[in-house]
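# Observations on the three-dimensional arrangement
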Amino acid sequence: MAGRPATTGGFEASSPLEAAQEQLRVASDYLGLDSGVRALLAQPRREVTVSVPLRHDDGHVSVFVGHRVQHNLDRGPAKGGVRFSPHVNLDEVRALAMWMTWKCALLNIPYGGAKGGVAVDPRQLSVPELERVTRRYTSELVGVIGPERDIPAPDIGTDEQTMAWMVDTISVDRGYTVPGAVTGKPISIGGSPGRSIATSLGVVQVALAALEDRGITPGQASAAVQGFGKVGRGAAILLAEAGVRVVAVSDQYGAIHNAAGLDIDAVATHVDLTGSVVDFPESDAIEGAQLLELKVDLLAPCAVEGVLSGANAHQVSAKIIVEGANGPTTPEADKILQDRGITIVPDILANAGGVVVSYFEWVQGNQAYWWTESEVETRLSRHMIGAWELVRAEARRTGRTFRETATCIAVDRVAEAHRVRGLYP
Ligand code: NAD
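Residues numbered from 1 in each chain as written. Predicted model: local features only at pLDDT ≥ 70, side-chain atom pairs only at ≥ 80, totals over all residues. Heavy atoms only, no water.

What holds strands together in a sheet is hydrogen bonding between their backbones, with the strands either parallel or antiparallel. Strands sit in the order E9-E8-E7-E6-E10-E11-E12 across an open sheet of seven strands; the sheet is mixed. The two strands at the open ends of the sheet, each matched to only one other strand, are strand E9 (284–286) and strand E12 (343–345). On average, adjacent strands in this sheet sit at an angle of 20 degrees to one another, irrespective of strand direction. Strand direction decides the pairing type here: strand E11 (residues 320–322) and E12, joined by three bridges, are parallel. (Pairing = 2+ DSSP bridges. Helix = DSSP H or I, 4+ residues; strand = E, 2+ residues; numbered from the N terminus. Axes fitted to C-alpha atoms, helices over the stretch in contact; angles between N-to-C directions.)

Here we take up the nonpolar core. Trp-102, Leu-106, Phe-228, Val-249, Val-267 and Val-322 are the most contacted members of the largest nonpolar core, which has 86 residues in total. Per-domain counts for this core show at least three residues from each of domain 1 (44–189) and domain 2 (198–350). When near neighbours in sequence (up to four residues on either side) are disregarded, Leu-106 contacts Ile-348, Leu-349, Val-391, Ala-406, Ile-409, Ala-410 and Arg-413. Core analysis: the second largest hydrophobic core is formed by 23 residues, Leu-130, Met-163, Met-166 and Val-167 among them. (Core = buried A, V, L, I, M, F, W, Y, C linked by side-chain atoms within 4.5 Å. Buried < 20%, exposed > 50% of the residue type's maximum accessible area, 1.4 Å probe, protein only. Domains from an automatic or database assignment. Contact = heavy atoms within 4.5 Å.)

Okay, a negative patch on the surface next. On the surface, a cluster of negative charge is made up of Glu-241, Asp-263, Asp-265 and Glu-282. Glu-241 gets classed as exposed once you look at its relative accessible area, which sits at 60%. (Patch = residues over 30% accessible without salt bridge, like charges linked within 9 Å, V, L, I, M, F, W, Y side chains within 5 Å. Areas by Shrake-Rupley, 256 points an atom, 1.4 Å probe, with all protein chains shown as cover. Salt bridge = Lys/Arg side-chain N within 4 Å of Asp/Glu carboxyl O. Lys, Arg positive; Asp, Glu negative; His and termini not counted. Charge placed at Lys NZ, Arg CZ, Asp CG, Glu CD.)

The final tally for this structure, using the stated rule, is zero disulfides. Here Cys-302 stays unpaired: no disulfide links it, and the sulfur of Cys-104, its closest cysteine neighbor, is 19 Å away. Note on Cys-408: no disulfide assigned, nearest cysteine sulfur contributed by Cys-104 at a separation of 18 Å. Accessibility expressed as a relative area gives 3% for Cys-408, which makes it buried. (Disulfide = S-S within 2.5 Å.)

Next up on the list: helix H5 (residues 160–174). Helix length check: H5 (15 residues) gives 21 Å between terminal C-alpha atoms against 21 Å at 1.5 Å per residue, within 8%. Listed in full, the buried residues belonging to H5 are Thr-162, Met-163, Ala-164, Trp-165, Met-166, Val-167, Thr-169, Ile-170 and Ser-171. Close packing links the buried residues of H5 with strand E3 (78–84), helix H4 (127–141) and strand E5 (150–154). The N-cap residue of H5 is Asp-159: its side-chain oxygen and the backbone nitrogen of Gln-161 are 3.1 Å apart. (Expected span 1.5 Å × (residues − 1). Polar contact = N/O pair within 3.5 Å; in protein donor to acceptor, adjacent residues only side chain to side chain.)

Quick look at the sheet that holds strand E1 (residues 46–55) now. Spatial strand order, E1-E2-E4-E3-E5: five strands in an open sheet with mixed pairing. Edge positions in the sheet fall to E1 and E5, since each has one partner strand and no second. Ignoring which end each strand starts from, the neighbouring axes of this sheet average 20 degrees apart. As paired strands, E3 and E5 are joined by five bridges and run parallel to one another.

Another aspect to go through is the site of the ligand. Taken together, the neighbourhood of the ligand is formed by 22 residues, with Asp-155, Thr-199, Lys-230, Gln-252 and Asn-326 sitting nearest. The separation between an oxygen atom of the ligand and a polar main-chain atom of Gly-157 is 3.1 Å. Here Asn-326 contributes a side-chain N or O atom positioned 2.8 Å from an oxygen atom of the ligand. Relative to its unbound accessible surface of 830 Å², the ligand loses 83% to contact with the protein. When grouped by side-chain class, the residues that make up the shell around the ligand number seven nonpolar, ten polar and five charged. Two domains share the shell around the ligand, each providing at least three of its residues, namely domain 1 (44–189) and domain 2 (198–350). (Near = heavy atom within 4 Å. Nonpolar A, V, L, I, M, F, W, Y, C, P; charged D, E, K, R; others polar.)

Within this structure, the stated rule accounts for 27 salt bridges. Between Arg-94 and Glu-47 there is a salt bridge, and its shortest N-O distance comes to 2.5 Å. Taken together, the residues Arg-94 in helix H3 (residues 90–106) and Glu-47 in strand E1 connect sequence positions 47 residues apart. Take Glu-47: its relative accessible area is 32%, and that puts it in the partly exposed class. With its nearest N and O atoms 2.8 Å apart, the salt bridge here joins Glu-323 to Arg-403.

Fair warning: the whole summary comes from geometry, so function is off the table for now.
Listed below in structure tokens is the structure:
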């Protein structure tokens, strides 16, 4: 490996793609990669953009734009979630696909990276409309996705039901059922036990390990969790179960705080009834931005990209940040937080539990043989803690940050796969 490269100091990414490219540049400098390999890793292998026309329930037609980006296929089929959000754009999908490549390589599961999305607000559509959008998007992609090619999973704005429609659409196209075509499916059609909580469980496993590393027991620890969706909600529940005092949670509508600790199960029930954490009794309303600056031991951003930036990194008061979301910290914030002695467990490690259990689901689906939930959890824990210990030991040895270390390990594995496969033709 080469000497220490220029840091990201002063670099403020204006998009997730710039942030991802900058992280790749730093890792490539450390690894001393040549310009050809750098160029290959910086570019997606394949991109598809499709029109997704929808006939609404009242008969009028709208046309949405969808994407699927396969960043790298050197270590196996592409793997990555599908996002339904009005903010979806091609550059965001490219960044998320690149992070998936590093995540799968870091966890040493035999996949490349991909991501997809439709620029649509799912909350504005009825369930039948959502089903039609999902099926049309899937149908436009049938030539490039599938169990040996590219395996989608849920992400922001999609869920088990979305995956059921996707697997059904692919299966109807093929003429037979293809359970390995997507992961994060309902258990009744081949989903894995433990998949729905897997990302949150992995976040909490590494969060507790990072707290322990700083000499903090769960009973002494306080936490704030941004986002109360599939990842944030489960993380808050599991942190509370582990004895951590969760003092604040938020969603896109607002944030709530209680210094004595929120009753997270009651917050979850409130969200099920009202659709938001806002107005939960026994809490004070705070600004969403304030949550990120609370004096807590653990901050878990579990919502969207770029929430920790040069604009607020100096005000962050947490000791440890565990990135449940993909790309929540810009390179400039990363540098500021690191200089301030704040530990950051990067996304490609912290939120990898979902893709690890997706891999288990794909293996089970391909073998038509199902494991118990406790088998899944034991194997997940082995993967997560193994990756955490590898990154921690390597970071101690090299003096690099956890993000630099994790990205170097991942990029090195992908570059090695590329090297031994060779360049065709
Ligand atoms: P989700 O749609 O289930 O939930 C997203 C949550 O974030 C919602 O509560 C939403 O209200 C909230 N939110 C959105 N914007 C916000 C803002 N500005 N401030 C506060 N809250 C905000 O999505 P999810 O699956 O939980 O994904 C969240 C993040 O985790 C994304 O970055 C995603 O890529 C990443 N991730 C998800 C998985 C998975 O298995 N679902 C796996 C790895 C990483």
